[in-house]
Structures are given as C-alpha cells and as structure tokens.
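Read off the chains here:
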Amino acid sequence: MHQDVEKILVTEEELNKIAHRLAAQITKDYEGKKLLLVGVLKGSIYFFTDLTRYIDLPCNIDFIQASSYGSGTVSSGNINIIKDIADDLTGFDVLLVEDILDTGNTLKYIHDMLSKRNPESIGVVTLLDKPARRVADIKADYVGTDVPDAFVVGYGLDYDQYYRNLPYIGVLKKSIYEK
C-alpha cells in the first residue's frame, strides 16, 4: 500500500501537531458556547477523532455522510446525503469537521442545509485546504494545512475506499487511478 504513494505531504507527527493546534484555538473560540461537532464521513474519521480528543470543552458530536465522488477522483457535483445528523441544532454552535476542502460543493451543500435548522452558528474546520480547485463560495474558519492540486490519500482520505488507514497524507501515484 505504501508503495502506491508517490510522496508524503503531511507526516504522522505533523498531523498530530495540527490536531493539537486547531483544538487549542477551537477551545478558546468556543468557550462558554454549546458546541456540536459534526464529522463529515467517511474521510474525516481520523482527524475528527484526534481533534475532538484535544478540545478541552464539553461538546456533543454527530456525523453526516455525503457523497459526490463515487469511485472517481473528481467530484460529480451531485451531492447525495447518505446519513443525516440526529441532533436538533437549535441553540448549538455547530462546527463541521471535514477532511479536505476541495471544490467546496459538498461542504457548501451541507452548510446551507444545516443553516436552515436554527443553529446559533455554523463554522468549518478542515484538515486540508486545496484552494486551487475551489468552485463553491465557502471558506474554512480553521485550516490544518494547504495542499497542492494532487490526489491525496491517507488519514481518512481514500481512493475508491482504499488507503484511508495510511498514518500520513500522501500523493497517490497516477498509475493507480489512471487505468
């Protein structure tokens, strides 16, 4: 599996530092608020877990699952909600936890959908930001790190449901997905 990665962009150690840094800022910014962290499945699972463990506040957690990729490497633009959140958002400051902000289409769709459910606020934290591919008008309030316009896998990010369990973020070799 490691042999399918062209190069490592973010090491395991760097991922840990990012989660600690973002959690410290979120702890400060959301102090005294009723925080609900919503993980965007499946890609955010590792980041979500690390981030929530380091946030030093009482908070609720929930998950939403949306898809626009299927088994490809480019978003189709058609957003499909596979699993919706269970919590009533009234009175909550919602923080969407995303693995990568790419085109922004899926995150914008989720953001707009949840905005209609009476939260106090909705923020976005993303592990990776890929601004070169942004199409939708959405920005993250908290960004772990920027990545170049390359197909990245690991630490939750996948290609056709594989490579999520790599302990780092790496660029997948084109020979793997250009078959």
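This structure is a prediction, so every number in the text was calculated from the model and none was measured. (Residues numbered from 1 in each chain as written. Predicted model: local features only at pLDDT ≥ 70, side-chain atom pairs only at ≥ 80, totals over all residues. Heavy atoms only, no water.)

A. Unusual backbone geometry, seen in detail. The omega torsion of the bond from L41 to K42 falls at 0°, within 30 degrees of zero and hence cis. Here K42 lies in the loop between β2 (35–41) and α2 (45–54). Phi is positive for N118, close to 65°, though the residue is something other than glycine. As for its position among the elements, N118 is in the loop between α3 (105–115) and β6 (121–129). In this structure N118 comes out as exposed when scored by relative accessible area, which is 54%. The backbone of Y163 sits at a positive phi, close to 80°, despite the residue not being glycine. Position of Y163 relative to the elements: it lies in the loop between β8 (152–153) and β9 (169–172). (Helix = DSSP H or I, 4+ residues; strand = E, 2+ residues; numbered from the N terminus. Buried < 20%, exposed > 50% of the residue type's maximum accessible area, 1.4 Å probe, protein only.)

B. View of the pairing of strand β3 (residues 59–67). Of the pairings in the sheet, the one linking β2 to β3 comprises seven bridges and is parallel in character. From the neighbouring strand, L36 faces β3, where its bridge partner is N60. Taking the sense of rotation as the criterion, the β-α-β connection linking β2, α2 and β3 turns out right-handed. Relative to strand β4 (residues 80–83), β3 runs antiparallel, the two sharing three bridges. Considered in β4, the bridge of S67 is made with N80. (Pairing = 2+ DSSP bridges. Right-handed = clockwise from strand over helix to strand, strands pointing away.)

C. Region of interest: α3. Regarding α3, the residues found buried are T106, L107, I110, M113 and L114. All buried residues of α3 project into a common sector of 130° when viewed along the axis, lining one side. The elements touched by buried residues of α3 are β2, β3, β4, β5 (93–101) and β6. (Arc of directions from axis to C-beta. Contact = heavy atoms within 4.5 Å.)

D. Up close: the side chain of D50. Its location among the elements puts D50 in helix α2. Residue classification places D50 among the buried positions, given a relative accessible area of 15%. Within polar-contact distance, the side chain of D50 engages the side chain of R53 at 2.7 Å. Excluding residues within four positions of it along the chain, D50 makes contact with A19 and Y155. (Polar contact = N/O pair within 3.5 Å; in protein donor to acceptor, adjacent residues only side chain to side chain.)

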